[in-house]
Amino acid sequence: MLTAEPHRDHSHHFAGEPHLTEVTYQAPKAGHVVVHEGRTVLFGDGDGSNQVVDSAKIADPDAAARAFSADAPHHGVALKLDEGSF
């Protein structure tokens, strides 16, 4: 089931029924999540931290999260490109 939920100036898209899991990813402040090319990147606004997880395993408590850092914290997102750069 594919649904779209309006959220101010954009929409959130869901494939299936959304549900909570017990899996959490820590960051010092709220951040942003980008899904691209099978990877999910969680960006921490407070410290510029990035956690990269295989999107198919994002709800798996044993999923490996690779950590990277931005040059400086900022309000924004990160996207990991195919050749490995952010």
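Residues numbered from 1 in each chain as written. Predicted model: local features only at pLDDT ≥ 70, side-chain atom pairs only at ≥ 80, totals over all residues. Heavy atoms only, no water.

(A) Quick look at the overall build of the protein. Across its full length, the protein holds zero helices and six strands. Overall size of the protein, expressed as C-alpha extent along the three principal axes, is 40 × 35 × 30 Å. Out of the 86 residues belonging to the protein, those deemed buried represent 22%. For the protein, contacts bridging at least 24 residues in sequence account for 36% of all contacts bridging at least 6. Looking at the protein as shown, the accessible area adds up to about 6,300 Å², and 55% of this sits on carbon and sulfur atoms. Taking the average place of the 6 positive charges on the side chains of the protein and the average place of its 13 negative ones, the gap between the two points comes to 4 Å. (Helix = DSSP H or I, 4+ residues; strand = E, 2+ residues; numbered from the N terminus. Buried < 20%, exposed > 50% of the residue type's maximum accessible area, 1.4 Å probe, protein only. Contact = heavy atoms within 4.5 Å. Areas by Shrake-Rupley, 256 points an atom, 1.4 Å probe, with all protein chains shown as cover. Lys, Arg positive; Asp, Glu negative; His and termini not counted. Charge placed at Lys NZ, Arg CZ, Asp CG, Glu CD.)

(B) Structural context of the layout of surface pockets. Size it by volume and the largest pocket reaches roughly 720 Å³. Lining the largest pocket are 19 residues, with His 19, Val 33, Val 35, Thr 40 and Ile 58 positioned closest to its centre. Elements supplying a minimum of two residues to the lining of the largest pocket: β2 (10–15), β3 (31–36) and β4 (39–44). Taken together, the residues that form the lining of the largest pocket break down as 11 nonpolar, seven polar and one charged. (1 Å grid on protein atoms, 1.4 Å probe; cavity = no way out; pocket = protein on both sides within 12 Å on 5 of 7 lines; lining within 4 Å. Points joined across faces, edges and corners; volume = space filled by probe spheres on them. Nonpolar A, V, L, I, M, F, W, Y, C, P; charged D, E, K, R; others polar.)

(C) Seen up close, the environment of Ala 70. As for its position among the elements, Ala 70 is in the segment after β6 (66–69). Accessibility expressed as a relative area gives 24% for Ala 70, which makes it partly exposed. Measuring from C-alpha to C-alpha, the distance between Ala 70 and Asn 50 comes to 7.4 Å, with 20 residues separating the pair along the chain. Filtering out sequence-adjacent residues up to four positions away, Ala 70 remains in contact with Phe 43, Gly 48 and Asn 50.

(D) Here's a closer look at the side chain of Asp 45. Position of Asp 45 relative to the elements: it lies in the loop between β4 and β5 (49–54). Notably, Asp 45 is buried but unbridged: the nearest opposite-charge side chain belongs to Lys 29, and the N-O separation is 8.0 Å. Once residues lying within four places of it in the same chain are set aside, the contact partners of Asp 45 are Lys 29, Ala 30, Gly 31, His 32, Pro 73, His 74, His 75 and Gly 76. (Salt bridge = Lys/Arg side-chain N within 4 Å of Asp/Glu carboxyl O.)

(E) Quick peek at the side chain of Asn 50. Inspection of the secondary structure assignment puts Asn 50 in strand β5. On the accessibility criterion, Asn 50 (3% relative accessible area) is buried. With residues up to four places along the chain from it excluded, the contact list for Asn 50 reads Val 41, Leu 42, Phe 43, Arg 66, Ala 67, Phe 68, Ser 69, Ala 70, Ala 78 and Phe 86.

(F) Just the sheet that holds β3, in detail. With antiparallel pairing, the four strands of this open sheet are ordered in space as β3-β4-β5-β6. Looking at strand neighbours, the two that pair on one side only are β3 and β6, the edges of this open sheet. Taken pair by pair, the neighbouring strands of this sheet meet at an average axis angle of 20 degrees, ignoring direction. As judged from the six bridges shared by β3 and β4, these two strands associate in the antiparallel manner. Its bridge partner being in β4, Val 34 is matched across the sheet by Val 41. (Pairing = 2+ DSSP bridges. Axes fitted to C-alpha atoms, helices over the stretch in contact; angles between N-to-C directions.)

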